[in-house]
Amino acid sequence: MSAVLRATGIVKSFGEREVLRGVDVTLARHEVVALIGASGSGKSTLLRCLGLLEPIDDGQIFLDDQDISDPRVDANRVRARLGAVFQSYNLFPHLSVLANVTLASRVVHRMPRRAAEARALSLLDRIGLADLAREHPDRLSGGQQQRAAIVRAIATDPEVLLLDEITSALDPELVGEVLELVRQLAADGATILMATHEMSFARDVAHRVVFLDAGTIVEQGPPSEVLVAPREPRTREFLTRFTT
Amino acid sequence: MTDTPPARAAHEPSALELERRAYRRRRSRQSVLVAIASSLALAIIVWATVINTPGWAVVQETFFNPEIALTALPRVWDGFLLNLQVLGLSIVTVGVFALLLATLRTLRGPVFFPVRVVVAAYTDIFRGLPFIIVLFLFGFGLPTLTNTRIPPIVLGTLCVTLTYSAYVAEVIRAGIEAVHPSQRLAARALGLGYVQTLRRVVLPQALRKMTPPLMNDFVSMQKDVGLISILGAVDAVRAAQTVTAQTYNFTPYVVAGILFILLAIPTIRLTDWYTARLRDREQAGSLV
């Protein structure tokens, strides 16, 4: 498997606080990687750094072997090749769901409106949101909003999807519909790096689990090993909070 | 996945609900009657007080003389058209210039440091300077400086623009900063550039937050346009002044005042309607 996204020695501090202390992470094409760890362990920061939404203090990030952490690289063009979904959806409240989904296609990728809308509608139709395409996001439930946000991220066929705790703001009954969509995307061959607290989902869907603690990767491997029989005591300690 | 609830059969209200509705109707009828009574009472008190003021007869003659109002109206109206022209031009120039100022002030990066300082100084100065002084300085200074006669409509628009752009730029800047940073983040994550994000995501949302204060500035601008009479322009105020000088009667000023009020009311109503419509569209449910 060839690496789509590869990061080496990522360091990131906010003021005095060092959030990432030299993180190496690789993502192969069609691979689904779950990033687990306690709140404040650096999961969100790592995702933001990889998505070029936060400048890094050291290290390198490669997308298809191109060093995207090089300041001479046009960050906008790199971001256009990545998809990101956030914990609080971040849909644009002044735009309809359809306009949210087509914004990047039309403005960044210069796709004609008709083509962009046709594609968006077929994507929305697949997840049962086509009827709500003309509504503004506030009329949708949390689960619907988050699914719309995922569709917005995949509408431009990104090479990598960065999902940042996308179910953390949802009621338990709405979590399922969002995870089901991620499961479908994974089955369709998307390359996904997701920070999550849904351990059973990580076990079912992820090819690899990465455990982040205090800004370093403590342990990684297939879910059957990391989640079931962790080698490191810190991983074990973290996981006990989920099994009880 | 189904996202719509199943259709409900037509519901017959229960006896309890019917009784509640009847009670609410009685209550609202009562409220209307009380409101009418209290309004009438207030009107009578005001009327009786004013009529019995010793100088009322003289005031009525010098400020509310219908004949003079009628003779003054055509001239005041002609002048008012000039105010409207200056206003119309100013809406465009203030809009463009203020947006430019606000955008310049939000630019980041060390290169733009001098730009930010100049813009900050500009807004400070022109918000602090009384409008009438701006009119004197630019209205009389500029023709002297260029040694040409500049039409009052141009000078008036220029002065209104200089002053009001400073106010409006601050409103726009506050509106831009009031948009949650996560919105910028989401836009940038989609690959939108700085300017695209500003235009497609931040400004449209900022505009909704800005509408009330912006309209407030607009209403204020509508009446300050009346000050261009200082420049020698024959606007509504100057026309009223001329008629007053001929008749020794202040009614023309009242006529001009009424015209300005009539101009402001639609704007105010339009603002209310527009903000209500935006709220309806973007917000589900009602506020208690």
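The structure we're discussing is the one just above.
Let me sum up the structure you'll find in this document.

The rules behind each value
- Residues numbered from 1 in each chain as written.
- Chains lettered and ligands numbered in written order.
- Predicted model: local features only at pLDDT ≥ 70, side-chain atom pairs only at ≥ 80, totals over all residues.
- Helix = DSSP H or I, 4+ residues; strand = E, 2+ residues; numbered from the N terminus.
- Contact = placed C-beta atoms within 7 Å.
- Pairing = 2+ DSSP bridges.
- Axes fitted to C-alpha atoms, helices over the stretch in contact; angles between N-to-C directions.
- Nonpolar A, V, L, I, M, F, W, Y, C, P; charged D, E, K, R; others polar.
- Buried ≥ 20, exposed ≤ 12 C-beta atoms within 10 Å, placed from the backbone.

With that settled, consider the environment of B:Leu101. Residue and element names in this part refer to chain B. For Leu101, the location among the structural elements is in helix 3 (residues 66–106). Along the backbone, Leu101 and Leu162 are 61 residues apart, and their C-alpha atoms lie at a distance of 11 Å. Apart from residues no more than four positions distant in its own chain, Leu101 is found in contact with Val119, Tyr122, Thr123, Ser165 and Ala169.

Within the secondary structure, B:Val118 is located in helix 4 (residues 113–128). Taking the C-alpha atoms as reference, B:Val118 lies 40 Å from B:Gln241; in sequence the two are 123 residues apart.

All names here are of chain A. Taking strand neighbours across the sheet as the criterion, the four strands line up as 2-1-4-5 in an open arrangement whose pairing is antiparallel. Only two strands of the sheet have a single partner each, and these edge strands are strand 2 (17–28) and strand 5 (66–67). As judged from the two bridges shared by strand 4 (residues 58–63) and strand 5, these two strands associate in the antiparallel manner. Paired with Leu63 across the strands is Gln66, a residue of strand 5. The strands that helix 1 (residues 43–50) touches are strand 1 (3–14), strand 2 and strand 4; relative to strand 1, the one it contacts most, it runs at about 120°.

Attention shifts here to the interface of chain A and chain B. Counting from both sides, the interface comprises 26 residues of chain A and, opposite them, 23 residues of chain B. Broken down by element, the residue count for the side of chain A that touches chain B peaks at three residues, all from helix 3 (residues 97–107) of chain A. Of the residues in the side of chain A that touches chain B, the class split is 13 nonpolar, eight polar and five charged.

Moving on, we get to the sheet that holds strand 7 (residues 160–164) of chain A. Residue and element names in this part refer to chain A. Spatially, six strands are ordered 6-7-8-3-9-10 in an open sheet, and the strand pairing comes out mixed. At either margin of the open sheet sits one strand with a lone partner, and together these are strand 6 (82–85) and strand 10 (216–221). Averaged over neighbouring strand pairs, the angle between their axes works out to 15° when direction is ignored. Pairing of strand 3 (residues 32–36) with strand 9 (residues 208–213), which is carried by four bridges, proceeds in the parallel orientation. From the neighbouring strand, Ile36 faces strand 9, where its bridge partner is Phe211. The sheet contacts of helix 5 (residues 142–154) involve strand 6 and strand 7, and relative to strand 6 the element is tilted by about 170°.

Glancing now at the environment of B:Ala264. Residues and elements named next belong to chain B. Counting through the fold element by element, Ala264 comes out in helix 10 (residues 251–282). A residue is classified by how many C-beta atoms lie within 10 Å of it, and Ala264, with 15 of them, is partly exposed. Between the alpha carbons of Ala264 and Met221 there is a distance of 9.9 Å; along the sequence they are 43 residues apart. What Ala264 contacts, discounting residues up to four positions off in sequence, is Val219 and Gln222.

Our next topic: unusual backbone geometry. Residue and element names in this part refer to chain A. The backbone phi angle of Asp65 is positive, close to 70°, even though this residue is not glycine. Judged by C-beta crowding, with 9 C-beta atoms within 10 Å, Asp65 ranks as exposed. Of note in this structure, Arg110 is not a glycine but carries a positive phi near 55°. With respect to the helices, strands and loops of the structure, Arg110 is situated in the loop between helix 3 and helix 4 (113–126).

Turning to the pairing of strand 2 of chain A, a few remarks are in order. Within a regular strand, the side chains alternate between the two sheet faces. All names here are of chain A. In this structure, strand 1 lies alongside strand 2, joined through nine bridges in antiparallel fashion. Note on strand 2: the bridge partner recorded for Phe14 is Arg17. Between strand 1 and strand 2, which pair antiparallel and follow one another directly, the connecting turn spans two residues, one of which, Gly15, has a positive phi of 65°.

In short, geometric facts, not functional conclusions.
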